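Residues per chain are reported as follows:
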Amino acid sequence: MKNRIITIFSILALLSTALCSCVKELDGEVVNNLPESVVYNDKTLIQSTLAAFYTSVNYGQQNGDYGSYHILDEANVQYGAATTTDDEKQIPRNFYRVYDYGLVRRINQFLKGINSSTAKSLPSLPEPERLNMEAQAKFLRAWYYFSMARSIGGMPIIGDTVYTYQAGVDVTGWRVPRSSEAQIYRYIIDQCDQIIPRLTTSKTTNSAVVNKWAALMLKSRAAIYAASIAKYGNLKTPTVRTTGWEAGIPADSATAFYTLALATAQKVIAESPYVIQKDAANPGLAFYKATSVKAGNTEVIWALDRLAPNVVTTFTNYAMPYSLRDYTEGNALGALLNLVEAFENKDGSNSAIKTNNTDGSYVFYNSVEDPFTAKDARLWGTVIWPNATYRNLAVSLQAGQINKNTSGNYVINAGATGSMNAGDVLTSINGPIANSNNYVNKTGFLVRKFLDETVGAGLNPTFSAMWMPRFRIAEAYLIAAEAAFELGQTALAVQYINIVRDRGGIQPLTTSTITFDKIVNEYRVEFAFEDHRFWDLKRWRLAHTLWNGVPGDATAQMFSLFPYKVVSQGDPNNGKWVFTKQVSYKRATTPLYFPITNYYGTIESSWITNNPRLVINPNQ
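The sections below set out a description of the structure shown in this document. Predicted model, so just to flag it, every value in this text is computed and none were measured.

Let's talk about the packing of aromatic side chains
- Applying the stated criterion across every chain, the model contains 39 aromatic pairs.
- With centroids separated by 5.8 Å and ring planes inclined at 35 degrees, the aromatic side chains of Tyr-69 and Phe-529 adopt a geometry described as tilted. With Tyr-69 in the loop between helix H4 (43-54) and strand S1 (75-77) and Phe-529 in the loop between helix H17 (516-526) and helix H18 (533-539), this pair connects stretches of sequence that are 460 residues apart.
- When its relative accessible area of 1% is taken as the criterion, Tyr-69 is described as buried.
- Both rings, one in Tyr-99 and one in Tyr-101, keep their centres 5.4 Å apart while their planes meet at 75 degrees; by these two values the pair is edge-to-face.
- Judged by relative accessible area, Tyr-99 falls into the partly exposed class, the value being 31%.
- For Tyr-101, a relative accessible area of 17% puts it in the buried group.
- Against the face of Tyr-322 rests Arg-325, its NZ or CZ located 3.9 Å from the ring centre.

Here's what the structure looks like:
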């Protein structure tokens, strides 16, 4: 069955068209109902319908939408006008909000159909396979509820009911009130418990189809989210809740949720076939492969998979170095200094990159790579720093030169992209430069994670089949570490977090050095660009304090790092490098701002019109 589902993914567009044609041509059938007489008498159409649900749950940050990265503190879009308009001055309240009960209805129709006598009697669909497909559909529905809960809190839980409206029907009984936020997380956890016995324990091709371990990961993530909201929501934002707890979770629920998160993550760690990918000879490359290479991957549990030529992404085309471009674009996404400095130095020294001495003079580096090779090896697998390789070719990132004037003072000299001076590069074709020209980097770093190394992956129309991981085994270790820490089991927390840190070659933590802030940072560097940062800061109630909108603030303002080569014959620093730190182009005048009102998205008036039992969220 798994291989058949993957085949369906590869021709999804064709099958979806065929399915729509079948539905529309049925005399007397309601188009918005899945006709049991056709769909559930054909295994291929059943698989096609299930495959379509997989394509309907692509919520949150993902590498098919690089254009929204400048809303967070990982990377900035490098083209177009600077962020100055009113709707960009703060992180939108409804950023990544999820609300689609139409999808729930379609999944419930599917569950009804696959349990019909027609489907049960199909010789080509044996009972274990049918139950596995039913479990996959329930998982995708639970994932939808989770994605909705993390954006707007508790919402109506309608179970397996299929509501079919006919003229004259009294819909009063259909108006389900919002659940509490705790109840919706418990519902997600319960759904996972129900389906775990029916899902395969084996890895699936490219992790595209969910298995038992994906369900356990969703259960563990739901539990850790609920636990942290219960603890930190009451500690840091006690007024951000509704009277019925539709938004917010009582503090006394935290311990039970932390305990469940720990036990579930431990089960994945101990029993699943997934392991952390490491390579002592090249740890940075190993980390890149752990997130961005499907072949031989031991770490990704569930992913949004893509399969050329029908399902591809243009991420590589836009984000790859312009100097090594496959097509016409490049340099569309610049990783931020804020993220780079979050990666610890291997020797435990201050991870901030030093640009000036106490007297204001430049700090000189022998190599442009020196500040970065000293860091956690995972940095190489996450960003492209100056002179780092992509497809085994060095990527030039040079803002300009440092020359000496006639007075013997160092002065910055910069030019247009691709310019030369004194027989040497003045400013690289890639930049960075601080203007609005397209195809020019403006942060000093590019994004490596999810860049396809395959030659031609940036070419139209084939582009790249790069996936987007949703669950990796590393998350099980960090959930276990976080939950153990919160439960006072510090030694256990250290054990789990160090397994993840070890692949970066950084110093292990001890029971005296592990802190909540260390755990927060570990999530940040491990899962950059993987749809964790935004939600983690929300559940820990840190978003409004870190993204406070204060100009120049260390965590709210976005920063860039520009490299300059010393070109001064006879000078002892000739050939060395210096760096300057500056505000990042895209948000140069607009530091990140997350108002305290934004912990929950709005409940729209149109939703309330259809269901007056909905209550609005806090500060709405």
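Now, onward.
Some remarks on empty space enclosed by the protein
- Tallying each qualifying case throughout the model produces 4 cavities of 30 Å³ or more.
- If you add up the space inside the largest cavity, you get close to 100 Å³.
- Tyr-59, Gln-61, Met-468, Arg-470 and Asp-531 are the residues nearest the centre of the largest cavity, which is lined by 13 residues in total.
- Of the residues forming the lining of the largest cavity, the biggest block, 3 residues, is contributed by strand S12 (residues 468-472).
- Looking at side-chain class alone, the lining of the largest cavity contains 5 nonpolar, 4 polar and 4 charged residues.
- The computed volume of the second largest cavity comes to approximately 80 Å³.
- Every residue lining the second largest cavity is listed: Ala-149, Arg-150, Glu-181, Tyr-185, Tyr-225, Ile-229, Trp-535, Lys-538, Arg-539, Arg-541, Tyr-599 and Tyr-600.
- Those elements giving two or more residues to the lining of the second largest cavity turn out to be helix H7 (127-152), helix H8 (181-195), helix H9 (212-236) and H18.
- Tallying contributions element by element places H18 first for the lining of the second largest cavity, with 3 residues.

Considering the nonpolar core
- Within the largest apolar cluster, 123 residues are counted, with the highest numbers of intra-cluster contacts made by Phe-139, Tyr-145 and Tyr-185.
- Apart from residues lying up to four places away in sequence, Phe-139 is in contact with Ile-195, Val-210, Ala-214, Ala-215, Leu-218, Trp-302 and Phe-471.
- Counting residues in hydrophobic clusters, the runner-up holds 49 residues, among them Ala-319, Val-447, Phe-529 and Leu-561.

Description of the pattern of salt bridges
- Under the criterion given, the structure shown has 32 salt bridges.
- Here Lys-43 makes a salt bridge to Glu-129, at a shortest N to O gap of 2.9 Å. Highlighted residues: Lys-43 in helix H4 and Glu-129 in helix H7, separated in sequence by 86 residues. Exposure class is identical for Lys-43 and Glu-129. Each is buried.
- In the salt-bridge network here, residues are joined through shared partners; they are Glu-299, Glu-344, Asp-376, Arg-378, Lys-449, Arg-472, Arg-501, Arg-503, Lys-518, Glu-522, Glu-526 and Glu-530.

Cut-offs used in this document
- Residues numbered from 1 in each chain as written.
- Predicted model: local features only at pLDDT ≥ 70, side-chain atom pairs only at ≥ 80, totals over all residues.
- Heavy atoms only, no water.
- Phe/Tyr/Trp six-rings, centres within 6.5 Å; stacked < 30°, edge-to-face > 60°.
- Helix = DSSP H or I, 4+ residues; strand = E, 2+ residues; numbered from the N terminus.
- Buried < 20%, exposed > 50% of the residue type's maximum accessible area, 1.4 Å probe, protein only.
- Lys NZ or Arg CZ within 6 Å of the ring centre and 35° of its normal.
- 1 Å grid on protein atoms, 1.4 Å probe; cavity = no way out; pocket = protein on both sides within 12 Å on 5 of 7 lines; lining within 4 Å.
- Points joined across faces, edges and corners; volume = space filled by probe spheres on them.
- Nonpolar A, V, L, I, M, F, W, Y, C, P; charged D, E, K, R; others polar.
- Core = buried A, V, L, I, M, F, W, Y, C linked by side-chain atoms within 4.5 Å.
- Contact = heavy atoms within 4.5 Å.
- Salt bridge = Lys/Arg side-chain N within 4 Å of Asp/Glu carboxyl O.

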